[in-house]
Amino acid sequence: MPTNGGAALRTERVTRQYQMGSALIRAVDEVSLQVGAAEFVALLGSSGSGKSTLLNLMAGLDRPTSGAIFAHDRNLSELNPIELARYRSRTVGMVFQAFNLLPRMTLEENVELPLRLAEVERGERAGRVREALERVRLEKRLSHRPSELSGGEQQRAALARALVNRPTILLADEPTGNLDSATGIEIMNLLREINQSEVTIVMVTHERPLAEKFSHRIVELADGKLINSGVKA
Amino acid sequence: MKAGDLTELAMRNLRESLLRNSLTTLGVAVGVASLVAMLSLGVGLQQLANRRLAHSGLFDTVFVMSRANMNFRGFSRRERTDATTSNSAQSNATPSSNTSNASSSNTSPDVTPSAVNGPREFRRLDEGARQEIEHLPNVIEVYPQVRFPTEVRYNGSPYATMVAGVPDSSRGNGSFDGMQGSFFSSPSADEAILQIEFAKELSDQPSSLIGKELVVRYAERQALAAQPGGDPAGGESSDSSGNPGISVVPKEKTLRIVGIIDTEAAAGPGGMGSGRVLIPQKLGEALRATQGNDLQNILRGSGSKPAYSNLTVRTEGPGQVEAVEAAIKKMGFGAFSLQDATRNLRLFFAVFDLLLGIFGSLALAVAMLGIINTLVMAILERRREIGILKALGAADRDVKQLFFVEAGVMGLFGGTLGVGLGWLIGRIITVTANIYLRRQDLPPTNVFAVPWWLVLGAIGFAIIVSLGAGLYPAARAAKLNPVEALRYE
């Protein structure tokens, strides 16, 4: 696959395998893929196809068994644990199917957490938190706890948290998986808005209609292998 | 992550499982309390012993005497020579070196190594020497021993006893703490403090003696002018060399009783606790009462020139004794102190405190296991949270530090609470002990002491132990695989 210096993300023959008992599972099998800057790519596949594993590898939460992943031309395999943590903190933002907000913290505190981890000055934080929550239209729910919010609101809060450090890449793992279809569309609209502000989005989903409607390109995986590197459907 | 943010998050986490973390902290507190209680007992006992020793006035004191006097104490020439030979190669030079001094021509030098190394002529321990010693660094007071036999007359009855001089510095060294009445109003007041047993001889109700007067009869020493070939007034005659003698004249002094003391104050070597009527040192010196060394001085030809049999040198503290003692020996006098005794005492208490500390630390070791258990439980409960933190950009180091701070905070609170508890235990034991002592007609005492170094040390130790306990859980939390942690329900 040709490489492009302007790619936000690039994987080169990435393989991730696990040992489960005596069996060797190849969750991701020699996947080479390129995501351009400000592109919105949907990773589509059935359960166990390896799409979440690939997303985790792109997020720097996991390391490939072989192959290489480049983010803005930096090889993630060459980063030490501290640099990888900084990459997760400042270059990528993540949202999950289960929202993963910390239940004992208010929305404001949840959104502030990545700023703490990135060692952003205390005086700057409040403005950044408000800005992120305004972006997802939750600025009036600052002091609410996640349990006081609907599923859609929680996912919007998770999006605000993912965006608060102003990442260039947003990785979304089944962001609509726990939501009804109307709320799912609401979240997808938000993702589109975010993408339009030059944020690259890679979204794992198994909902083809949403992927077709909102993403620029659909990449399909099956049994860990790339079966369609996808042109826009 | 910045320290402030780490601490905030750690405090928040600790508040989340308030009961469990409070119980763990209480465990640390009990451990620290046990340690503090044990060590404060050791420190208190050491301070009590030191106070008692300080009251004796012996451990910040150097006793000085002329080497001529030391030679007078019954050592044979051969014994001393043997001693010096075994002590130093230089001893060969000393046996015949003092013959130039007429008064000591038949004696040999000091047996102490320092004496062997010192000047070969005996220096007189006179007023000049006293002033010279007074000017040594760290010396606060130099005084001769005033101690003489007397006949006390009270209510017309005679009582034979001993009078001893008490320096003014005794006012502040605790020797007279708990006495009835008061210390002397001035360093040369015509006042007396009676030892309780003697006071009981004077009256069935000793305390009623305070404010009353008694008469002390003593033999005053008066110098005679040298009258070669003739008999001096008073019946004493000079020797063939014209050395005058002294005249002994009976005198009386009326003293007002100002206090009664339970114990006998120390009066130095050879006179420890021997005074039953205590008078101000300066008054004692001014009385010029005949003392044991007067005869000795006459025999040596000192005659009317006043010389002291010994001097007591008070230093600023036990730490200065060694240097002062060495300086005095260098001046050519015999000197000794009881430093070795204090050194052994310090060694004893160091070992005692160490043992108490080890026993006290056992409870803290148990508390350490409690911290490990609590934090391991916290890892299990917060597994997903750790995964989220890592996904949001936390490095392994951040997670490790977070658990460390949580352990440290438990140590800090536990340590602080423990010090308070330990102090409370000490107070309870002290109060209980004093109730018991009072019932036994014994004076109350404080056997517990919680000095600042113990407070800070115990809190610091609790934090260090807690951080030690947090090592394993923190490392375990930091190593969690974020992908697996995020999957954890």
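Sequence order as written defines residue numbering, which begins from 1 separately in each chain. The naming scheme follows written order: chains are lettered A onward, ligands numbered 1 onward. For this predicted model, a pLDDT threshold of at least 70 governs which residues receive local features, and a threshold of 80 or more governs which side-chain atom pairs are given and counted, while totals over whole chains, interfaces and linings are taken from all residues.

## Considering the overall build of chain B
Part 1: Secondary structure follows DSSP: runs of H or I at least 4 residues long count as helices, runs of E at least 2 residues long count as strands, and numbering of each begins at the N terminus. A count of helical and extended segments in chain B gives 15 helices and eleven strands.
Part 2: Exposure in this text rests on C-beta crowding, where 20 or more other C-beta atoms within 10 Å of a residue's own make it buried, 12 or fewer make it exposed, and counts in between make it partly exposed. The C-beta atoms are placed from the backbone. Across the 489 residues of chain B, 41% fall into the buried class.
Part 3: What counts as a contact is two residues whose backbone-derived C-beta atoms lie within 7 Å of each other. Considering only intrachain contacts with a sequence separation of at least 6, the fraction spanning at least 24 residues in chain B is 82%.

## A short note on the overall build of chain A
Part 1: Helix and strand counts for chain A stand at seven helices and ten strands.
Part 2: Restricting the contact set of chain A to residue pairs at least 6 apart, pairs at least 24 apart contribute 70%.

## As for the confidence of the model for chain A
Part 1: Averaged over all residues, the pLDDT of chain A is 89; the fraction at 70 or higher stands at 97%.
Part 2: Known as pLDDT, the predictor's per-residue confidence is scaled from 0 to 100. Scored below 50 in pLDDT, residues 1-5 of chain A shows six contacts in the model against residues more than four places distant or in partner chains.

## Focus: the environment of D29 of chain A
Residue and element names in this part refer to chain A.
Part 1: Residue placement: D29 occurs in strand 2 (residues 23-36).
Part 2: Along the backbone, D29 and R16 are 13 residues apart, and their C-alpha atoms lie at a distance of 6.6 Å.
Part 3: Setting aside anything within four residues of it in sequence, one finds D29 in contact with T15, G224 and K225.

## Some words on the sheet that holds strand 2 of chain A
Residue and element names in this part refer to chain A.
Part 1: Here, any two strands with at least 2 DSSP bridges between them count as paired. One open sheet holds the four strands; their spatial order is 2-1-4-5, and the pairing between them is antiparallel. Sheet topology places strand 2 and strand 5 (74-75) at the edges, where each strand pairs with a single neighbour.
Part 2: Looking at chain direction, strand 4 (residues 66-71) and strand 5 are connected through two bridges and run antiparallel. Bridge assignment links A71 to a residue of strand 5, and that residue is R74.
Part 3: Axes here mean lines fitted to C-alpha atoms, for a helix over just the part in contact, with angles spanning 0 to 180 degrees between N-to-C directions. Lying over the sheet, helix 1 (residues 51-59) contacts strand 1 (7-20), strand 2 and strand 4, oriented at roughly 60° with respect to strand 2.

## Regarding the interface of chain B and chain A
Part 1: Listed per partner, the contact involves 18 residues of chain B and 20 residues of chain A.
Part 2: Its residues assigned to classes, the side of chain B that touches chain A shows nine nonpolar, one polar and eight charged. Residues are sorted three ways: Asp, Glu, Lys and Arg are charged, Ala, Val, Leu, Ile, Met, Phe, Trp, Tyr, Cys and Pro are nonpolar, and all the rest, Gly among them, are polar.

## Some words on the sheet that holds strand 10 (residues 310-315) of chain B
Residues and elements named next belong to chain B.
Part 1: Within the open sheet, the four strands sit side by side as 2-10-1-11. Their pairing is antiparallel. If you trace the sheet from one side to the other, it starts and ends with strand 2 (139-144) and strand 11 (334-336), each paired once. Taking each pair of neighbouring strands and ignoring which way they run, the sheet shows an average axis angle of 20°.
Part 2: Contacting strand 1 (61-65), strand 2 and strand 10, helix 6 (residues 127-134) runs over the sheet at an angle of about 160° to strand 2.
Part 3: Helix 10 (residues 321-330) rests against strand 1, strand 2, strand 10 and strand 11 of the sheet, and its axis sits at about 15° to strand 1.

## Brief notes about the nonpolar core
Part 1: We define a nonpolar core as a collection of buried residues of the types Ala, Val, Leu, Ile, Met, Phe, Trp, Tyr and Cys that are connected via C-beta atoms lying within 7 Å of each other. Core analysis: the largest hydrophobic core is formed by 128 residues, its most contacted members being L43, A160, L171 and V202 of chain A together with V32 and V36 of chain B.
Part 2: The biggest single contributor to this core is helix 2 (residues 18-56) of chain B, with twelve residues.
Part 3: When residues no more than four places from it in sequence are discounted, the contact partners of L171 of chain A are L55, M58, A59, V92, M94 and V202 of chain A.
Part 4: V152, A164, V166 and I260 of chain B belong to the second-largest nonpolar core, a separate cluster that totals 29 residues.

## Considering the environment of N75 of chain A
All names here are of chain A.
Part 1: One can find N75 in strand 5.
Part 2: It is 9.2 Å that separates the C-alpha atoms of N75 and R10, two residues lying 65 residues apart in sequence.
Part 3: Apart from the residues within four sequence positions on either side, N75 is in contact with A68 and F70.

## Re the packing of helix 3 (residues 107-117) of chain A against helix 5 (residues 151-163) of chain A
Residues and elements named next belong to chain A.
Part 1: At their nearest, the axes of helix 3 and helix 5 sit 7 Å apart, and the two run at 30° to each other. Considering the angle they form, helix 3 stands roughly parallel to helix 5. For the pair helix 3 and helix 5, the sense of crossing is right-handed. Contact residues: helix 3 offers L107, N110, V111, L113 and P114, while helix 5 offers A157, A160 and R161.
Part 2: Split by residue class, the contact of helix 3 with helix 5 holds six nonpolar, one polar and one charged. Each angle receives one of four descriptions, namely roughly parallel if under 35 degrees, roughly antiparallel if over 145, roughly perpendicular if within 65 to 115, and oblique otherwise. In this scheme the crossing of two helices becomes right-handed for a clockwise turn of the near helix relative to the far one and left-handed for an anticlockwise turn of less than a right angle.

## Here's the deal with helix 1 (residues 3-16) of chain B
Residues and elements named next belong to chain B.
Part 1: By this rule, a helix spans an expected 1.5 Å times one less than how many residues it contains. End to end, helix 1 covers 20 Å across 14 residues, agreeing with the expected 20 Å (1.5 Å per residue, within 8%).
Part 2: Taken residue by residue, helix 1 has D5, L9, A10, N13 and L14 as its buried positions. Seen along its axis, helix 1 keeps its buried residues to an arc of 165°; they face one direction. Residues of helix 1 that are exposed and angled more than 90 degrees away from the buried face: G4 and R15. By arc we mean the arc of the directions from the helix axis to the C-beta atoms, nothing more.

## Section: helix 3 of chain A
Part 1: When you tally the buried positions in helix 3 of chain A, you get ten out of eleven residues, the bulk of the element.
Part 2: Listing the buried residues of helix 3 of chain A in full gives L107, E108, N110, V111, E112, L113, P114, L115, R116 and L117 of chain A.
Part 3: Buried residues along helix 3 of chain A sit against helix 2 (81-90), helix 4 (122-135) and helix 5 of chain A together with helix 1 and helix 13 (396-439) of chain B.
Part 4: The positive-phi residue at the C-terminal boundary of helix 3 of chain A is E119 of chain A, with phi of around 60°.

## What to know about unusual backbone geometry
Residue and element names in this part refer to chain A.
Part 1: The backbone phi angle of E119 is positive, close to 60°, even though this residue is not glycine.
Part 2: Here E119 falls in the partly exposed class, since 13 other C-beta atoms lie within 10 Å of it.
Part 3: Phi at E198 is positive, roughly 70°, even though this residue is not glycine.
Part 4: By the element assignment, E198 lies in the loop between helix 6 (181-196) and strand 8 (200-205).
Part 5: C-beta crowding within 10 Å serves as the criterion here: with 10 such atoms nearby, E198 is assigned to the exposed category.

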